[in-house]
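Residue-level structure breakdown
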Amino acid sequence: MNFPKRRNIQEDLRQKLIIVGSKNPVKISCTEAAFHQAFQGSFLVEGLNVSSDVADQPFGDEETYQGAYNRAKNSKNVFPEADFWVGIEGGVDLIDGEMQAFAWVVILDANDKIGKAKTSTFFLPKAIVELVEAGMELGQADDKVFERSNSKQENGAVGILTNGAIDRKEYYQQAVVLALIPFLKKELFAV
């Protein structure tokens, strides 16, 4: 006789702890919003200062992805008691001589399942590109060109360049939700 699998109600009701591999308030806020958007339940989202183990301004898909993965992995190593670990890393790349900006999101869980997604991309104006190519990090280049301070912890390049039509939190949040697909559809993404 087959009995239905019993669910652990206490586990379902327990507040889940999510660790973001950054203290950046935008990355923490977008992660919290994405988890609430994708799942029912209660979540506590905390940020940790961990290294991405890549350049301050990652260049190309591979290095940017690696930075996001490293942030998630390093967060898990520092705080293994959590339920999920999230790495978000912004990067740039050249396409036909023009520079695009984007970010990678990597999410790990306690069972070594991995979710990953990339944001949409957008192209940067020449004034910012020249500063980034000279070795400046994108957030610093934004601050210099647009006479701001610490814009990467607010709207970032995407918010500035779209006049706030897309803010950085919203921009990252969609990618965090997409990176949650393997956790939303567990049966299709067995470890």
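Above this text is the structure in question.
Below: a short report on this structure. Numbers given to residues run from 1 along each chain, matching the order in which its sequence is written. The predicted nature of this model means local features are confined to residues of pLDDT at least 70 and side-chain atom pairs, given and counted, to a pLDDT of 80 or more, with totals for whole chains, interfaces and linings taken over all residues. Only hydrogens and water are removed before side-chain values are computed, so all heavy atoms of the structure are retained for them.

Attention now goes to the overall build of the chain. Per the convention used, a helix needs a DSSP run of H or I reaching at least four residues, while a strand needs a run of E reaching at least two, with both numbered from the N terminus. A count of helices and strands for the chain gives eight helices and six strands. Going from N to C terminus, the chain has its helices and strands arranged as α-β-α-β-α-β-β-β-β-α-α-α-α-α. Scaling as 2.2 N^0.38, a compact globule of 191 residues should have a C-alpha radius of gyration of about 16 Å, and the chain matches this with 18 Å. Structurally, the chain occupies a C-alpha span of about 70 × 30 × 25 Å along its principal axes. Note on classification: 1.4 Å probe, protein chains only; a residue is buried when its accessible area is under 20% of the maximum for its type, exposed when over 50%, partly exposed between these limits. Burial analysis of the chain (191 residues in total) assigns 47% to the buried set. By sequence separation, contacts in the chain at least 24 residues apart represent 60% of the contacts at least 6 residues apart. Reported accessibility uses the Shrake-Rupley method at a 1.4 Å probe radius. Residues are deemed covered only where the shown protein chains occlude them. Carbon and sulfur atoms form 49% of the exposed surface of the chain, whose accessible area is close to 10700 Å². Charged residues are defined narrowly, with Lys and Arg counted positive, Asp and Glu counted negative, and His plus the chain ends left uncounted. Think of each charge as sitting on NZ of Lys, CZ of Arg, CG of Asp or CD of Glu. Of the charged side chains in the chain, 21 are positive and 27 negative; the average position of the first set lies 9 Å away from that of the second. Our radius of gyration is a C-alpha quantity, and the globule rule it is checked against amounts to 2.2 Å times the number of residues to the power 0.38. Two residues form a contact once any of their heavy atoms are found within 4.5 Å.

What follows covers the pattern of salt bridges. Criterion for a salt bridge: a side-chain nitrogen of Lys or Arg within 4 Å of a carboxyl oxygen of Asp or Glu. Tallied over the full model, the rule gives five salt bridges. Note that Asp-112 and Lys-76 form a salt bridge whose closest N and O atoms lie 3.1 Å from each other. One end of the pair, Asp-112, is in the loop between β4 (98–109) and β5 (114–118); the other, Lys-76, is in helix α3 (residues 61–78), with 36 residues separating them in the sequence. On the accessibility criterion, Asp-112 (57% relative accessible area) is exposed. Put simply, Glu-130 and Lys-126 hold a salt bridge, and the shortest N to O gap is 4.0 Å. Linking Glu-130 with Lys-126, this pair stays in helix α4 (residues 126–133), spanning four residues, or about one helical turn. In this structure Glu-130 comes out as partly exposed when scored by relative accessible area, which is 45%. With a relative accessible area of 62%, Lys-126 lands in the exposed category.

Here we take up the environment of Lys-118. Tracing the backbone through its elements, the reader meets Lys-118 in strand β5. In this structure the C-alpha to C-alpha distance between Lys-118 and Trp-85, which are 33 residues apart in sequence, comes to 16 Å. In this structure Lys-118 touches Asp-61, Phe-102, Ala-103, Trp-104 and Ala-175, once residues within four positions along its chain are discounted. Counting of polar contacts relies on pairs of N or O atoms within 3.5 Å, with two restrictions inside protein: one atom must be capable of donating a hydrogen and the other of accepting it, and residues adjacent in sequence are counted only when both atoms are side-chain atoms. A distance of 2.8 Å separates a polar atom in the side chain of Lys-118 from a polar atom in the side chain of Asp-61.

As a further point, take the packing of helix α2 (residues 25–38) against helix α7 (residues 168–179). As a packed pair, α2 and α7 sit with axes 8 Å apart at the nearest point and diverge in direction by 45°. Classified by the interaxial angle, the pair formed by α2 and α7 is oblique. With respect to the hand of their crossing, α2 and α7 are arranged in right-handed fashion. Across from Val-26, Lys-27, Ser-29, Cys-30, Thr-31, Ala-33, Ala-34 and Gln-37 in α2, the residues of α7 making contact are Arg-168, Lys-169, Tyr-172, Gln-173, Val-176 and Val-177. In the scheme used here, Gly and all other residues not listed as nonpolar or charged are polar, with Ala, Val, Leu, Ile, Met, Phe, Trp, Tyr, Cys and Pro taken as nonpolar and Asp, Glu, Lys and Arg as charged. Here the residues of the contact of α2 with α7 sort into seven nonpolar, four polar and three charged. Axis geometry follows a simple rule: fit a line to the C-alpha atoms, using only the stretch in contact for helices, then measure angles between N-to-C directions, giving values from 0 to 180 degrees. Oblique is the label for every angle not falling under 35 degrees (roughly parallel), over 145 degrees (roughly antiparallel), or within 65 to 115 degrees (roughly perpendicular). Here a crossing is called left-handed whenever its near helix is offset anticlockwise from the far helix by less than a right angle, and right-handed whenever the offset is clockwise.

This next bit is on the pairing of strand β3 (residues 84–95). Taking burial as the measure, the 12 residues of β3 include nine buried ones, the bulk of the element. For strand β1 (residues 16–20) and β3, the ladder comprises three bridges, and the chain directions are parallel. Bridge assignment links Ile-18 to a residue of β3, and that residue is Phe-84. Hairpin remark: β3 followed by β4, antiparallel, with two residues in the connecting loop; positive phi at Asp-96, about 50°. Should DSSP find at least two bridges between two strands, the strands are taken to pair.

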